[in-house]
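Per-entry structural report
Listed here are the chains, written in short residue letters.
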Amino acid sequence: MEPRERASRPAGQARFCLLCDSAPGVARAREDPAMNDHDTPFDDLPAEERLFRMRHSAAHVLAEAVLELFPEAKYAIGPPVDNGFYYDFDLPRPLNPDDLVALEARMRVSVERDLVIHGEQIPKAQAREIFKDQPYKLELIEGITDDTVGYFRHGEFHDLCRGGHTERTGQLGAFALDRVAGAYWRGDEKNAMLQRVYGLLFPTAEELEAFRVTREEAEKRDHRRLGRELDLFHLDAISPGSPFYHPKGTVLYNGLIDYMRDLYREYDYSEVITPQLFSADLWKISGHYQNFRDDMFMFEADESEIGVKPMNCPGHCWFFKSGHYSYRDLPLRLAEFTRLHRFERSGVLHGMTRVRSFSQDDAHIYCTPEQFEGEVHRFFEMSQRVYHDLGLGEPLVKLATRPEKFVGEIASWDASERLLGEALTSAGYEYVIAPGEGAFYGPKVEFHVRDAIGRSWQLSTIQIDQAMPTSFGLEYTGADGESHTPMMLHRAILGSLERFIGVYTEHTAGHFPLWLAPVQAVVVPIADRHVEYAELIRTLLKAHRLRVEVDDSNERMGAKIRRAQLQRVPYMLVVGDREQEAEAAAVRDGSGVDLGAMPVTQIIERLAGERDTRALHGAPPVAEG
RNA sequence: GCCGCUGUAGCUCAGUGGUAGAGCAGCUGUUUCGUAAACAGCAGGUCGUGAGUUCGAGUCUCACCGGCGGCUCCA
């Protein structure tokens, strides 16, 4: 039941156009076997198709440049992707940034020449001859079942290609080579590591520039940066992948857990605390020992093998087994927030979004088949509540189906997938299928939510478990007096707290709603003589469980305002002679709006009200110096 | 784990084989100020770690560790 996001995978979102994907079910991009790309004039094509072709042709022009600079280069595949294109190469030496400059310059020569791009179908035998020195192309040719293959060329360059191109190399739009990265041939880590050159491409220079600006904005709200600037958390080499939550970050972490606990009370969940360490026997029963042993922290103690828990489900199953339940006790919804540890491979760690030590808003639901649909609906409803309360948008819903490595019978997988699909439909959701992306023990529904700058993150997930109830021998007594195996659902809404905090920090750019803000208000005394009064205000607000600080530093008011603003404090309470006189404070909100002087009682009412209703202040982030 | 890049003060970054620097943050003092940065001074470093080359290494080489960008993986 792992709600973590996959690393964004441009290729996965690409419309594969090259003859590089022999996987069944991947449709050929071109229906016309003659692949006459130029039936419709380029300028008359829909914008999306034009962009696709520009990016695709740019990949060819890139390969042309690489082959010219490295005549011995072997070229592999180069599709268009989100924001641009890439091409994979096997080169005699690693590329460096200067190479990218040279390659880009060479690409511009091709653009300048405005060469015609020809496409045709040629017999496989001819293709083998043409590409006899190109092992990757030969491998691609062997993967093609047709008698002929697509062959594209412009100038001296030629490529094995399914097509989808501009008419000329002068139609590429605005592009720039971006970076070079490693990538396995055909995405398989057993294969050779190739060098992938990524390029950005947009129809106009303005759009390319806009993309770069957006990317810079995204960097400014990077949770690793904000975590440090807002004193929330940091990661440290002393324990890679294990966050240090600072006091302010701990307020946020506990705030989210408190919120989920409120919902658990409402939705009748039972919170439990189970052990951190379990005998390997438990992991053998659950199947995690066989499937994930290398990704767990295992050690020997007292001559027995112990595993630190990487998830709660086996512990919950053991708990279920330790009691006895009748149908009257179901559904049983076991929730747990204790910390989990996974020995993630070093190269995959990333800020808070991929860590080794984390916690989940995790729960497992044991129910009867009759209760299944209702439970799924309750979960959908609860998830939507959370998204709404946190100011996240409508989710994109995916149904992830049976993976290659799975346990159980195909028939029951099909049944479970059908059940989840029906539950989605009856709840009014449209969804897409994510083939083969289910967990090894069962299919799952994933909710993907877009953040404020358009990135999509997987948050909630609910999964049917077809394996553990049986392997643990779980039973309940039915109304018929007989023993039955319960259905088991894994579910999480926020996913891992760490990942959620990372995503949410970026979504809000650190402007958390007041109920989650580590510091909810800063009192700003104008001069030293106002500090005592400022402390009084803090005391009054503190009595209403508001988190308030007094900035008594030897700074001018402007500097204190600036500091509070940069710290994303929702309210600044300025106090000087006038306010002290009136037993009030001048209120300024986090967006810089001056709300004027308010009596202290009114300030308390406003802030406590905003907290208790979990209001989303909705203040747009202001420009930051 | 794999490919590439990278590591200098808390942060952002200069530093061309020859005595470790700046801005911000911090501390101290002066200033007592009305809505996004007052002024001055002080302090702050085994240049990621360990080897090697060299008369001499922050700088060159190698290994290891961490981080970054990807790939693979993600219960």
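In case you missed it, the structure is sitting above this.
This write-up is about the structure you can find in this document. Since we're looking at a predicted model, the values are computed, not measured.

This part is about the packing of aromatic side chains. As enumerated under the stated definition, the model contains 27 aromatic pairs in all. Each ring, one from tyrosine 86 and one from tyrosine 198, has its centre 5.5 Å from the other, and the planes form 65°; the classification is edge-to-face. Of the two residues, tyrosine 86 is situated in strand 3 (residues 84-90) and tyrosine 198 in strand 8 (residues 193-202); the sequence distance between them amounts to 112 residues. With respect to class, tyrosine 86 is no different from tyrosine 198; both count as buried.

Time to look at the pairing of strand 22 (residues 456-465). Most of strand 22 sits out of view: nine of its 10 residues are buried. Looking at chain direction, strand 21 (residues 444-450) and strand 22 are connected through six bridges and run antiparallel. Following the sheet pairing, valine 449 is matched in strand 22 by tryptophan 457. Hairpin geometry of strand 21 and strand 22 is characterised by an intervening segment of five residues between the two adjacent antiparallel strands and by a positive phi of about 90° at glycine 454. Alignment of strand 22 against strand 25 (residues 487-496), held across five bridges, turns out to be antiparallel.

Here we come to the pairing of strand 26 (residues 521-525). Counting buried positions over the five residues of strand 26 gives five, a clear majority of the element. With burial as the criterion, each face of strand 26 is covered, one bearing Ala521, Val523 and Pro525 and the other bearing Val522 and Val524. Bridging between strand 26 and strand 27 (residues 548-550) involves three bridges; their strand directions are parallel. When the bridges of strand 27 are listed, valine 522 appears paired with glutamate 549.

Core analysis: the largest hydrophobic core is formed by 53 residues, its most contacted members being Met260, Phe380, Leu390 and Val445. Discounting chain neighbours no more than four positions away, the residues touching valine 445 are Phe380, Val397, Lys398, Leu399, Leu420, Leu424, Ser460, Thr461 and Ile462. Formed by 46 residues, the second largest nonpolar core is a distinct cluster that contains Leu67, Met107, Val149 and Phe157.

Our focus in this paragraph is the sheet that holds strand 12 (residues 277-279). With respect to topology, three strands assemble into an open sheet ordered 12-14-13, the strand pairing being antiparallel. Edge positions in the sheet fall to strand 12 and strand 13 (298-301), since each has one partner strand and no second. Ignoring which end each strand starts from, the neighbouring axes of this sheet average 40° apart.

A separate point is helix 13 (residues 410-426). Between its terminal C-alpha atoms helix 13 stretches 24 Å, which fits the 24 Å expected from 17 residues at 1.5 Å a residue. For helix 13, the set of buried residues is Trp413, Ser416, Glu417, Leu420, Gly421, Ala423 and Leu424. Looking down the long axis of helix 13, one finds its buried residues gathered within 160° of arc, a one-sided arrangement. Facing away from the buried side of helix 13 by over 90 degrees, the exposed positions are Ala411, Arg418 and Thr425. Of the surrounding secondary structure, the elements contacted by the buried residues of helix 13 are helix 12 (372-390), strand 19 (396-400), strand 20 (431-434), strand 21 and strand 22. Of the residues trailing helix 13, glycine 428 is marked for its positive phi of about 90°.

Definitions and cut-offs
- Per chain, residue numbering runs from 1 following the sequence as it is written.
- For this description, chains carry letters from A and ligands carry numbers from 1, given in the order in which they are written.
- Confidence filtering applies because this is a predicted model: local features only for residues at pLDDT of at least 70, side-chain atom pairs given and counted only at 80 or more, and all residues used for totals across whole chains, interfaces and linings.
- To get the side-chain values, take all heavy atoms of the structure and skip hydrogens and water.
- Planes of paired rings set the category: under 30 degrees apart is stacked, over 60 is edge-to-face and the rest tilted, where pairs are Phe, Tyr or Trp rings (Trp by its six-membered ring) whose centres lie within 6.5 Å.
- Secondary structure counts use DSSP, requiring at least four H or I residues in a row for a helix and at least two E residues in a row for a strand, with both numbered from the N terminus.
- Only protein chains enter the calculation, and the probe is 1.4 Å; a residue is then buried if its accessible area is under 20% of its type maximum, exposed if over 50%, and partly exposed in between.
- Should DSSP find at least two bridges between two strands, the strands are regarded as paired.
- The nonpolar core is taken to be a set of buried Ala, Val, Leu, Ile, Met, Phe, Trp, Tyr and Cys residues, with the residues joined through side-chain atoms within 4.5 Å.
- Throughout, a contact is declared for two residues whenever any of their heavy atoms are within 4.5 Å.
- Orientation is described by axes fitted as lines to C-alpha atoms, over the contacting stretch for helices, and by angles from 0 to 180 degrees between their N-to-C directions.
- A helix is expected to reach a length of 1.5 Å times the quantity of its residues less one.
- Of all possible arcs, the one meant is that of the directions from the helix axis to the C-beta atoms.

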